Amino acid sequence: MELNELEQIKALPFFKDLSDAELDTVLKKVFTKFYKKGSILFVEGMPGEILYIVLEGGIVITKKTKEGNEIEITKLGYGEIAGEMSLIDAGPRTATGKTEVDSKLVVMTKKSFNEILESDPKIAAKLLMELLKILNKRLRATDKKFENS
């Protein structure tokens, strides 16, 4: 990783509670990847193995209706995460994610996360707490949508 990219990753909200030493450990387990506009990251119903964090660009999340139509659920930008549930369970993807524009994403595989969990439970606990905060925020937003409809 180049220095500028390293600084960009360190600034991501997902890693804010990690010390420099802890972040260095995590950085050995993640990588960045460039995706062209419209690249499919994951498909609803398929098994999930990867978490994505937006470093540059954006991801659009869609879901199929019973009629087979695709509806947009949300758009994710800098610092936001897609595929977080795949680190926690082996269930199928609940939506489809694709890049909205050319994008640079931080990629963490389930295997890498499990290695951190085994070797550094304290780091894994901090990352899991951050995931729980994200999931909680999304659940509250969904609840609010239903309250207003």
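Residues numbered from 1 in each chain as written. Predicted model: local features only at pLDDT ≥ 70, side-chain atom pairs only at ≥ 80, totals over all residues. Heavy atoms only, no water.

**So, the packing of helix α2 (residues 20–27) against helix α5 (residues 121–147)**
Line of reasoning, step 1. Close contact between α2 and α5 brings their axes to 11 Å; oriented N to C, the two are set at 85 degrees. Accordingly, the angle class assigned to the pair α2 and α5 is roughly perpendicular. For the pair α2 and α5, contact is made by E22, T25 and V26 and by K122, I123, K126 and L127, respectively.
Line of reasoning, step 2. Residue composition of the contact of α2 with α5, by class: three nonpolar, one polar and three charged. (Axes fitted to C-alpha atoms, helices over the stretch in contact; angles between N-to-C directions. Helix = DSSP H or I, 4+ residues; strand = E, 2+ residues; numbered from the N terminus. Parallel < 35°, antiparallel > 145°, perpendicular 65-115°, else oblique. Contact = heavy atoms within 4.5 Å. Nonpolar A, V, L, I, M, F, W, Y, C, P; charged D, E, K, R; others polar.)

**Overview of the sheet that holds strand β3 (residues 50–56)**
Line of reasoning, step 1. Spatially, the four strands line up as an open sheet ordered β1-β8-β3-β6, and their pairing is antiparallel. Single-partner strands in this sheet number two, and they are β1 (31–35) and β6 (81–82).
Line of reasoning, step 2. Both β3 and strand β8 (residues 103–109) contribute to a ladder of six bridges, which runs antiparallel. Counted as the bridge partner of L51 is M108 from β8. (Pairing = 2+ DSSP bridges.)

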